[in-house]
Amino acid sequence: MLQGKENRENHEYLEPIFGSNAEGRLLSKYKLSQEPVHPKIAQQLIKDEIMDEGNARQNLATFCQTFMETEATELMAETLNKNAIDKSEYPRVAELENRCVNIIADLWNADKAEGFLGTSTIGSSEACMLAGMAMKFSWRNRVKKLGLDINKKKPTLIISSGYQVCWEKFAVYFDIELKTIPMDKENMTLDIEKAMAAIDEYTIGIVGILGITYTGKYDDIETLNTLVENYNQQTDYKVYIHVDAASGGLYTPFVNPELTWDFRLNNVISINTSGHKYGLVYPGVGWAIWRGKEYLPKELIFEVSYLGGDVPTMAINFSHSASHIIGQYYNFLRFGFEGYQAIHRKTQHVATFIAKEINEMKEFNLINDGSQLPVLCYSLSEKATNPWTLYDLSDRLRMRGWQVPTYPLPKDLDSILVQRIVIREDLGINLAHEFIEDLKASLTELDNSQLVFHKEKELKDYGFTH
Ligand SMILES: *Cc1c(COP(=O)(O)O)cnc(C)c1O
């Protein structure tokens, strides 16, 4: 259709964005503005607002996925309007979620005969809350039968001091005492002997972590299982293991399939993972799986009667978009076992390369070399005499766009300051070379500069817990 010139001149859409009145006005920031603005202008204004914050791809602090294929993001954008909880309205999406649960249960060697159950969540935090509650409820059911006075003491959960903050939330929200087992300098994982010694009748369970957020190391869940097996043979007060595999759950099955940490171990009764970490989906999606019904008390399952349907659900949240579940299913369908394996092996290769480079630098002492999770963790070498701290180095790297967090290790090791680099799929070997060049240049700059450095004891956090 063609229009006369006069008609066209009145049209706002012909206005250049940076010449329009709407763009030229000061935004109303904390109070709704009276008038609407053109969508193009709204979009541009918001892009401008966030343009100067960190670039996600160079954020080496996070485990969360920062890249997905265009086909996946299109699919996710197209399905943002589907509500994951409306299982009766969107039965095909419910089926895709069900397939994901089955795929993950299979990767974790769940036995169909035991009747595994699972659900999607918003992330591992929600999954850990659900698993924690299941442990609490099934503990209560067990010990009531044995005649224990459940009100005499708070129930306890045993975990290493390297736990992720979601477990502290779980303890506070659901009134549980967290018995934290200090990590020692040699292992920096769960001290299994001490964990076993902490068990009593009020223990709802033990959490093993596949990998510790601070360092990337795996708890020795196989040995823990053996000791728990022996313990359970001698008492009616059974204890079981939950594995927090937020980061390792969708990495280890492809890279170290021989490592026994999952449902192959009899006392591992539930596992969680974050689909948005090595499941390669944008945040947020997570998964929780129980090995059988007896570990997931039915009081926790709600039959949601919703617009004419009746569907069992277990979740803390209700409505949210189904697009992340669809993104997860896309990845499973698209990559298959070999695709995930190729991606993760390449990620590990990049981690090994960066670890080797860092190991050769006299300034650093490598604490985790990426041979388990592709996460590198290092402190300043005891021999280093430089006046700057790792915080100063973080600042320098940030000038080049790289976000590398510096933080103290948890309780009992908190005199050790470390830097951590999480290698993800989208940090290819070429980018990794660039990072090393930038790291070297930053070190030279720090050594040659006349700067007023931070006080040695100053503690800053750059958000390392995800
Ligand atoms: C990331 C992480 C969590 C929290 O996961 P979200 O998916 O971000 O909620 C819990 N535990 C461990 C070990 C983690 O690494």
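These numbers were taken from a predicted model, which means no experiment stands behind them. (Residues numbered from 1 in each chain as written. Predicted model: local features only at pLDDT ≥ 70, side-chain atom pairs only at ≥ 80, totals over all residues. Heavy atoms only, no water.)

*Asks:* It is not clear to me how the overall build of the chain should be interpreted in this structure. Could you clarify?
*Replies:* Across its full length, the chain holds 13 helices and 13 strands. A compact globule built from 466 residues should have a C-alpha radius of gyration of about 23 Å, and the chain, at 25 Å, falls within 12% of that. Residues classed as buried in the chain amount to 52% of the 466 residues present. Taking the intrachain contacts of the chain between residues at least 6 apart in sequence as the baseline, contacts between residues at least 24 apart amount to 71%. When the accessible surface of the chain is split by element, carbon and sulfur atoms take 51% of a total near 23,100 Å². Within the chain, one finds 48 positive and 64 negative side-chain charges whose respective centroids are separated by 2 Å. (Helix = DSSP H or I, 4+ residues; strand = E, 2+ residues; numbered from the N terminus. Rg over C-alpha atoms; globule rule 2.2 N^0.38 Å. Buried < 20%, exposed > 50% of the residue type's maximum accessible area, 1.4 Å probe, protein only. Contact = heavy atoms within 4.5 Å. Areas by Shrake-Rupley, 256 points an atom, 1.4 Å probe, with all protein chains shown as cover. Lys, Arg positive; Asp, Glu negative; His and termini not counted. Charge placed at Lys NZ, Arg CZ, Asp CG, Glu CD.)

*Asks:* Explain the UniProt feature "modified residue: N6-(pyridoxal phosphate)lysine" (unreviewed entry) in the chain here, please?
*Replies:* Mapped onto this numbering, the UniProt entry gives "modified residue: N6-(pyridoxal phosphate)lysine" (unreviewed entry) at K277. Within the secondary structure, K277 sits in the loop between β6 (268–274) and β7 (286–290). (UniProt positions renumbered as here; feature names shortened; annotations may be inferred.)

*Asks:* Teacher, can you tell me more about the packing of aromatic side chains here?
*Replies:* Each aromatic ring pair is specified by the distance between its two centres and by the angle formed by the two planes. Under the defined criterion, the tally for this structure stands at 13 aromatic pairs. Judged by centre distance (5.5 Å) and plane angle (35°), the ring pair of F170 and F174 falls under tilted. Their ring planes at 70° and their centres at 5.3 Å tell us that Y240 and Y295 sit as a pair that is edge-to-face. Taken together, the positions of Y240 in the loop between α9 (221–233) and β5 (241–244) and Y295 in the loop between β7 and β8 (302–306) put the pair 55 residues apart, joining distant regions of the chain. One aromatic cluster is present, built from ring pairs that chain together F254, F332, F335, F337 and Y340. A cation over an aromatic ring shows up here: R140 above the ring of F137, its NZ or CZ 4.6 Å from the ring centre. (Phe/Tyr/Trp six-rings, centres within 6.5 Å; stacked < 30°, edge-to-face > 60°. Lys NZ or Arg CZ within 6 Å of the ring centre and 35° of its normal.)

*Asks:* What's the story with unusual backbone geometry in this structure? I'm lost.
*Replies:* Negative phi characterises most residues that are not glycine, and trans characterises most peptide bonds. A cis amide bond links P283 with the next residue in sequence, G284, at an omega value of 10°. By the secondary structure assignment, G284 is in the loop between β6 and β7. Within the chain, N109 stands out as a residue other than glycine whose phi angle is a positive 60°. Considering the arrangement of structural elements, one finds N109 in the loop between α5 (91–107) and β1 (117–121). Judged by its relative accessible area of 34%, N109 is partly exposed.

*Asks:* How should the site of the ligand be read in this particular structure?
*Replies:* Every one of the 13 residues lining the ligand counts as a neighbour, but S124, S125, D244, H276 and K277 are closest to it. Within the contact set of the ligand, an oxygen atom lies 2.6 Å away from a side-chain nitrogen or oxygen of S125. With the chains in place, 92% of the 380 Å² that the ligand exposes on its own is no longer accessible. Its residues assigned to classes, the shell around the ligand shows three nonpolar, eight polar and two charged. (Near = heavy atom within 4 Å. Polar contact = N/O pair within 3.5 Å; in protein donor to acceptor, adjacent residues only side chain to side chain. Nonpolar A, V, L, I, M, F, W, Y, C, P; charged D, E, K, R; others polar.)

*Asks:* Looking at this structure, how should I read the domain arrangement of the chain?
*Replies:* Split into domains, the chain comes out as domain 1 (2–53), domain 2 (74–331) and domain 3 (343–448). For domain 1 and domain 2, the distance between their C-alpha centroids amounts to 47 Å. (Domains from an automatic or database assignment.)

*Asks:* How do you make sense of the sheet that holds β1 when you look at a structure like this?
*Replies:* Judged by pairing direction, the sheet is mixed, and its seven strands sit side by side in the order β1-β7-β6-β5-β4-β2-β3 without closing on themselves. Each edge of the sheet is formed by a strand with only one pairing partner; in this case those strands are β1 and β3 (177–181). For this sheet, the mean inter-axis angle between neighbouring strands, taken without regard to orientation, is 20°. Pairing geometry for β6 and β7, over five bridges, is antiparallel. Pairing of S270 across the sheet is with W290, part of β7. (Pairing = 2+ DSSP bridges. Axes fitted to C-alpha atoms, helices over the stretch in contact; angles between N-to-C directions.)

*Asks:* How do you make sense of the sheet that holds strand β10 (residues 364–369) when you look at a structure like this?
*Replies:* Within a sheet, each strand pairs with its neighbour through backbone hydrogen bonds, oriented either parallel or antiparallel. Taken in spatial order, the four strands line up as β10-β11-β13-β12 in an open sheet, and their pairing is antiparallel. Where the open sheet ends on each side, the last strands, each with one partner, are β10 and β12 (406–408). Recorded for the sheet is a direction-independent mean angle of 35° between the axes of neighbouring strands. With respect to the sheet, helix α11 (residues 323–359) is in contact with β10, β11 (375–380) and β13 (417–422), its orientation differing from that of β10 by roughly 155°. Across the sheet, helix α12 (residues 390–399) lies against β10, β11, β12 and β13, angled at about 30° from β13, the strand it touches most.

*Asks:* Sorry if this is basic, but what is going on with the side chain of T203 here?
*Replies:* You can see T203 is positioned in strand β4 (residues 203–209). When its relative accessible area of 1% is taken as the criterion, T203 is described as buried. Reaching out from T203, the side chain makes a polar contact with the backbone nitrogen of D200 at a distance of 2.9 Å. When neighbours within four sequence positions are excluded, T203 is seen to be in contact with W139, T156, I158, A198 and V239.

*Asks:* Before we go on, may I ask you to explain α5 in this structure?
*Replies:* It helps to recall that an α-helix has 3.6 residues per turn; residues three or four apart then point in one direction. Here α5 is 17 residues long and its end C-alpha atoms lie 24 Å apart, about the 24 Å a rise of 1.5 Å per residue gives. Of the positions making up α5, those classed as buried are V93, L96, E97, C100, V101, I104, A105 and L107. (Expected span 1.5 Å × (residues − 1).)

*Asks:* It is not clear to me how the side chain of T119 should be interpreted in this structure. Could you clarify?
*Replies:* Along the chain, the position of T119 falls in strand β1. Assessed through its relative accessible area of 12%, T119 is described here as buried. Those residues in contact with T119 that lie beyond four places of it in its chain are E97, V101, L130, G286, W287, A288, W290 and M314.

*Asks:* Looking at this model, I keep getting lost on the pattern of salt bridges. Mind explaining?
*Replies:* Any two side chains of opposite charge can pair, on the condition that their charged atoms come close. Summed over all chains, the structure comprises 17 salt bridges. In this structure, R424 engages D426 in a salt bridge whose closest nitrogen and oxygen atoms are separated by 3.8 Å. The two residues R424 and D426 agree in class, both being buried. Each of R396, R400, D438 and E445 takes part in a single network of salt bridges with overlapping partners. (Salt bridge = Lys/Arg side-chain N within 4 Å of Asp/Glu carboxyl O.)

*Asks:* It is not clear to me how the environment of F174 should be interpreted in this structure. Could you clarify?
*Replies:* Within the secondary structure, F174 is located in the loop between α7 (165–173) and β3. Taking the C-alpha atoms as reference points, F174 and M129, separated by 45 residues in sequence, lie 8.6 Å from one another. Apart from the residues lying within four places of it in its own chain, the contact partners of F174 are M129, M133 and K136.

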